[in-house]
Every structure is written in structure tokens, then in C-alpha cells.
Amino acid sequence: YEWYRRLIALRKSSKALTRGDFHVALCDDAHNACGYCRTFEDESLLVIINAGTRDMTARAAVPYTGEWEDVLGGVTAVAVNSPAKVQSAYDAGYMGILEAYIPARSVKIYINKRNVKKNIKQYRILFINCLILSPILFLPFYVIICTVIE
């Protein structure tokens, strides 16, 4: 019962799960496993399902490198840059690869939150400082970037 409550709470709190873009991240017929990634704004979720009878180490294509937190288990996995851009029928050309141990007949859900809004705020502060120093030069760029960001 608690398992379902946690999944429902995750669904309600995640914009990526309700509105995000969908990309298949893993398709492994040999292990009877699949995975998908949903991304919306500053949040990405990776769901890996191992329906097979054997444990496996999954290699899923993800849109962002860095830390991905296991929502249900609290463990952090790190996605690294692929040596070459991964190109296959299911990975949308993602640059990152996340390797994760997935027990038989189980599900792992990983989340990656990038602090996009904080970065935008820092860029605006930088532009404001530039405006003070050289308003004639930076005003057109500030207007264009603020319009694009919003």
C-alpha cells in the first residue's frame, strides 16, 4: 500500500511526469527491460523497468549528465558523457549514459533537477551589472535575452 502512495505522490508532484517530453532511454529484449525519460523545464525523470528474472546493469541514454537521485531508494547514480553521441532508434541522440543496477522484477525511478531558474537569475544579475557599466553596448542584448528566456 505504501509503495502505491509514494508513486501517486510522485506523479502529483512531478511536472515532468504529467507534462514532459517522452523519450525511450533503454530497450533490452535479452533482459526483458525497458526505460523511458520524461523532461519538462528543469526536471527530468528516468524510469527503468526490469521485468526479467535476472538482475542487470542497465545503460540508459539520458539528456543530462551529473547526479540522478533514485526517488524510491535514495541512492544517487551519476550519468557520464558518452564517448560519442549515442545514436540509436530509441535514445533521441542523448549525450549522457546512466548505468544502474536493477534487481529482477523491479523498477527504479531517477530524477535530475537542474536549477535553471537560479541560473537565469544569475544571468540577469550579470546583465544588469553590464548595463550599469556600459548601457549603450549591452542594452540590445539584455532585451533580446530576457525576451527569449521568458
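In what follows, the structure referred to is the one given above.
Residues numbered from 1 in each chain as written. Predicted model: local features only at pLDDT ≥ 70, side-chain atom pairs only at ≥ 80, totals over all residues. Heavy atoms only, no water.

Student: I would appreciate a short explanation of the overall build of the protein in the present structure.
Tutor: Counting secondary structure elements, the protein contains 4 helices and 8 strands. Out of the 150 residues belonging to the protein, those deemed buried represent 34%. Summarising the internal contacts of the protein: among those between residues at least 6 apart in sequence, 55% fall at separations of at least 24. Here the protein displays about 9,600 Å² of accessible surface, and carbon together with sulfur accounts for 59% of that area. (Helix = DSSP H or I, 4+ residues; strand = E, 2+ residues; numbered from the N terminus. Buried < 20%, exposed > 50% of the residue type's maximum accessible area, 1.4 Å probe, protein only. Contact = heavy atoms within 4.5 Å. Areas by Shrake-Rupley, 256 points an atom, 1.4 Å probe, with all protein chains shown as cover.)

Student: Can you walk me through the pattern of salt bridges in this structure?
Tutor: Proximity of charged atoms lets side chains of opposite charge pair with each other. All chains considered together, the criterion is met by 3 salt bridges. Here Arg5 and Glu2 are joined by a salt bridge, their closest N and O atoms 3.8 Å apart. With Arg5 and Glu2 both in helix H1 (residues 2-13), this residue pair falls 3 residues apart, about one helical turn. Using a relative accessible area of 46% as the deciding quantity, one classes Glu2 as partly exposed. A salt bridge links Asp70 to Lys108; the shortest N-O distance between them is 3.4 Å. Placement of the pair is Asp70 in strand E5 (residues 66-70) and Lys108 in strand E8 (residues 106-113), with a sequence separation of 38 residues. Just as Asp70 is buried, Lys108 falls in that class too. (Salt bridge = Lys/Arg side-chain N within 4 Å of Asp/Glu carboxyl O.)

Student: How do you make sense of the nonpolar core when you look at a structure like this?
Tutor: For soluble globular proteins, the rule of thumb is that nonpolar side chains tend to be buried together. With 17 residues, the main nonpolar core has Leu46, Ile48, Trp68, Leu98 and Tyr110 as its most contacted residues. Contributing elements (two or more residues each) for this core: strand E1 (21-28), strand E2 (33-40), strand E3 (43-50), strand E4 (56-62), strand E6 (76-81) and strand E7 (96-102). Looking at this core, the element that brings in the most residues is E4, giving 4 residues. Once you skip the residues sitting within four places of it in the chain, Leu98 turns out to touch Leu46, Ala58, Arg59, Ala60, Val62, Trp68, Ala77, Ala79 and Tyr110. Counting residues in hydrophobic clusters, the runner-up holds 8 residues, among them Leu10, Leu45, Leu72 and Ile109. (Core = buried A, V, L, I, M, F, W, Y, C linked by side-chain atoms within 4.5 Å.)

Student: Please clarify how the sheet that holds E6 should be interpreted in this entry.
Tutor: Through backbone hydrogen bonds, the strands of a sheet pair up, either in parallel or in antiparallel fashion. With antiparallel pairing, 8 strands are arranged side by side in an open sheet as E1-E2-E3-E8-E5-E6-E7-E4. Edge positions in the sheet fall to E1 and E4, since each has one partner strand and no second. Direction aside, neighbouring strands of the sheet carry axes that sit 25° apart on average. Of the pairings in the sheet, the one linking E5 to E6 comprises 4 bridges and is antiparallel in character. Among the inter-strand pairings, Gly66 is bridged to a residue of E6, identified as Ala79. (Pairing = 2+ DSSP bridges. Axes fitted to C-alpha atoms, helices over the stretch in contact; angles between N-to-C directions.)

Student: Can you help me understand the environment of Arg59 in this one?
Tutor: For Arg59, the location among the structural elements is in strand E4. Distance in space between the C-alpha atoms of Arg59 and Gly35 is 9.6 Å, their sequence separation being 24 residues. Apart from residues no more than four positions distant in its own chain, Arg59 is found in contact with Ala25, Leu26, Ile97, Leu98 and Glu99. Among the polar contacts listed, one links the side chain of Arg59 to the side chain of Glu99, at a separation of 2.7 Å. (Polar contact = N/O pair within 3.5 Å; in protein donor to acceptor, adjacent residues only side chain to side chain.)

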